[in-house]
Amino acid sequence: MLAGNLCGGRTPYIQEQVNIGTGPPGSQVRWFRSVSNEPRFINTITFERENAPTLVMVHGYGAAQGFFFRNYDDLAQRFRVLAIDQLGCGASSRPDFTCKSTEETESWFVDSLEEWRRTKKLDHFILLGHSLGGYVAARYALKHPEHVQHLILVGAAGFSEESDRIIQFRSTWKGAVANFMWDRNLTPQKIVRGIGPWGPALVRKYAGVRFGTYTTGNMLNEQESKLFSDYLFHTLAGRASGELCLKYIFSLGAFARTPLITSAPDWKVPTSFIYGMDDWMDWGGAQEARKKMPVSTELLRVPQGGHFVFLDNAPGFYSAIVYACRHFLPGLAVKHLPEGLIQVPHPNNKIDTGEC
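On a predicted model such as this, the values are computed, not experimentally measured, just so you know. (Residues numbered from 1 in each chain as written. Predicted model: local features only at pLDDT ≥ 70, side-chain atom pairs only at ≥ 80, totals over all residues. Heavy atoms only, no water.)

**Remarks on the layout of surface pockets**
Put simply, the test is: Here a cavity is any set of points on a 1 Å grid over the protein atoms alone where a 1.4 Å probe fits but cannot get out, and a pocket is any open set with protein on both sides within 12 Å along at least 5 of 7 lines; a residue lines the site when it has an atom within 4 Å of a point. Grid points are joined across faces, edges and corners, and a volume is the space filled by probe spheres set on the points. Here a helix means four or more residues in a row that DSSP labels H or I, a strand means two or more in a row labelled E, and each is numbered from the N terminus. Throughout this entry, Asp, Glu, Lys and Arg are counted as charged residues, while Ala, Val, Leu, Ile, Met, Phe, Trp, Tyr, Cys and Pro are counted as nonpolar. The remaining residues, Gly among them, count as polar.
By volume, the largest pocket amounts to about 770 Å³. Along its surface, the largest pocket is lined by 32 residues, and Tyr-61, Gly-62, Pro-188, Tyr-206 and Phe-308 are the ones closest to its centre. Of all the secondary-structure elements, those providing two or more residues to the lining of the largest pocket are α6 (173-183), α7 (188-194), α8 (199-213), α9 (222-237) and α10 (246-249). Partitioning the lining of the largest pocket into residue classes produces 23 nonpolar, eight polar and one charged.

Here it is as structure tokens:
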């Protein structure tokens, strides 16, 4: 019900557990590698709108679909919106995480997303992913480009290669300790679960600071803060599953073990990158990748927004999404970049049209 309270704004929606099937122990279907043969479900909310483009939204690490609660009402006026909890996250099934490699871990997310798409009978859609969800969305588009009309990567992880700074840090004793803890998969979720009854207070304090005192945009009001803190706690405190992907996909510092920039020449889907002006995620990696992408791309920066730009500046985020999808919105005449947004020129001096 916490997700319902967060997502339940002015616009009606449908919440369902989409069955993506089951498999026996030892199955070669990678997201079924578990001691259990129970069915797997993807928690999904749908905001229906006839004759509108379909927008699928994929959340980031340690998050869930409720993180977009400030955006649904506006987006649902122009799109048919489907938002999921990735497998092993939020209110989706949390099977044993038995992946042992980067390839297996990517398949856990990408293949379960594809099975969800098949079950929902979605042929073509706009795919949006935030942070880790951006990495997953990009990997999905590389594997199944025939289904993705346009790719929107919000504060996407995985484009930048390891910097000299992080390499030097790992050579220090502090870096060695941090790297040891990273490789042992000491996740924030494990800490929240480990401190027992003090968990809710810790999460409440974090949410109050991150989305209150130190927000770069609009603070959560009192009711939003309480609902969001409760939602975040239950998201983090759930059974360990998808969270354990971290060390297999990223090295210390959130650098992808298989950087997306190496796949840039194989890009087949027109892509819009969106970053908050104060996002800690380096947008320079995406800019470098654009040099090698043989498709139309654009990079937009949203003011008064950090890594969670959709929470910090919901109106600015909405403007960026509408602009990125301008060619899919019938009757929408967008001739100029919305006020406040910054469009970063293409590094190869190409004209960014955003067209398919």
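**Quick look at the environment of Phe-125**
Rule in force here: Buried means the residue's accessible area, taken with a 1.4 Å probe over protein chains only, is under 20% of the maximum for its type, while exposed means over 50%, and partly exposed covers the values in between. Any pair of residues with heavy atoms lying within 4.5 Å of one another is described as a contacting pair.
Turning to its location among the elements, Phe-125 is positioned in strand β5 (residues 125-130). The class for Phe-125 is buried, based on a relative accessible area of 2%. Considering only alpha carbons, one finds Phe-125 and Leu-151, 26 residues apart in sequence, at a separation of 9.1 Å. Ignoring any residue separated from it by four or fewer positions in sequence, one finds Phe-125 in contact with Thr-54, Val-56, Arg-117, Tyr-140, His-147, Val-148, Gln-149 and His-150.

**Considerations on the packing of aromatic side chains**
Which entries qualify depends on this criterion: A pair of aromatic rings is counted whenever rings of Phe, Tyr or Trp (Trp by its six-membered ring) have centres within 6.5 Å, and the orientation is called stacked for planes under 30 degrees apart, edge-to-face for over 60 and tilted otherwise.
Under the counting rule described, the total for this entry stands at 17 aromatic pairs. Relative to Trp-267, the ring of Phe-159 has its centre 6.0 Å away and its plane inclined at 50°; by these criteria the two rings are tilted. With Phe-159 in the loop between β6 (148-154) and α5 (164-170) and Trp-267 in the loop between β8 (255-256) and β9 (271-276), the pair connects residues that are 108 residues apart, well separated along the chain. With relative accessibility at 2%, the residue Phe-159 sits in the buried group. You can call Trp-267 buried: its relative accessible area is 4%.

**Some thoughts on the sheet that holds strand β2 (residues 40-47)**
Here is the rule we go by: Note: two strands are recorded as paired if DSSP finds a minimum of 2 bridges between them. Lines fitted to C-alpha atoms define the axes, with helix axes restricted to the stretch in contact, and inter-axis angles between N-to-C directions lie between 0 and 180 degrees.
On the basis of which strands lie adjacent, the open sheet formed by nine strands has the order β1-β2-β4-β3-β5-β6-β9-β10-β11 and mixed pairing. Of all strands in the sheet, those with a lone pairing partner are β1 (14-21) and β11 (342-344), marking the two edges. Adjacent strand axes in the sheet meet at a mean angle of 25°, parallel and antiparallel pairs treated alike. By the bridge criterion, seven bridges tie β1 to β2 in an arrangement that is antiparallel. For Gly-21, the partnering residue across the bridge sits in β2 and is Arg-40.

**Details of the packing of helix α3 (residues 102-120) against helix α4 (residues 132-143)**
Going by this rule: Just so you know how the angles are binned, under 35 degrees is roughly parallel, over 145 roughly antiparallel, 65 to 115 roughly perpendicular, and the rest oblique. The handedness criterion is simple: a crossing whose near helix is rotated anticlockwise from the far helix by less than a right angle is left-handed, and one whose near helix is rotated clockwise is right-handed.
Relative to each other, α3 and α4 sit at 65°, their axes nearing to 9 Å. Taken together, α3 and α4 sit at an angle that is classed as roughly perpendicular. Like other packed secondary-structure pairs, α3 and α4 cross with a definite hand, here right-handed. Listed contacts from α4 to Glu-106, Phe-109, Val-110, Asp-111, Leu-113, Glu-114 and Arg-117 of α3 are Tyr-135, Val-136, Arg-139, Tyr-140 and Lys-143. Classifying every residue of the contact of α3 with α4 by side-chain character gives six nonpolar, no polar and six charged.

**Points about helix α13 (residues 314-324)**
For the record, the criterion: Whenever two N or O atoms come within 3.5 Å, that pair is a polar contact, provided that in protein one can donate a hydrogen and the other can accept it, and provided that, for residues adjacent in sequence, both atoms are side-chain atoms.
For α13, the buried fraction is high: eight of the eleven residues fall into the buried class. Burial in α13 covers these residues: Ala-314, Gly-316, Phe-317, Ala-320, Ile-321, Val-322, Tyr-323 and Ala-324. Of the residues that open α13, the one with a side-chain oxygen 2.9 Å from the backbone nitrogen of Gly-316 is Asn-313.

In short, geometric facts, not functional conclusions.
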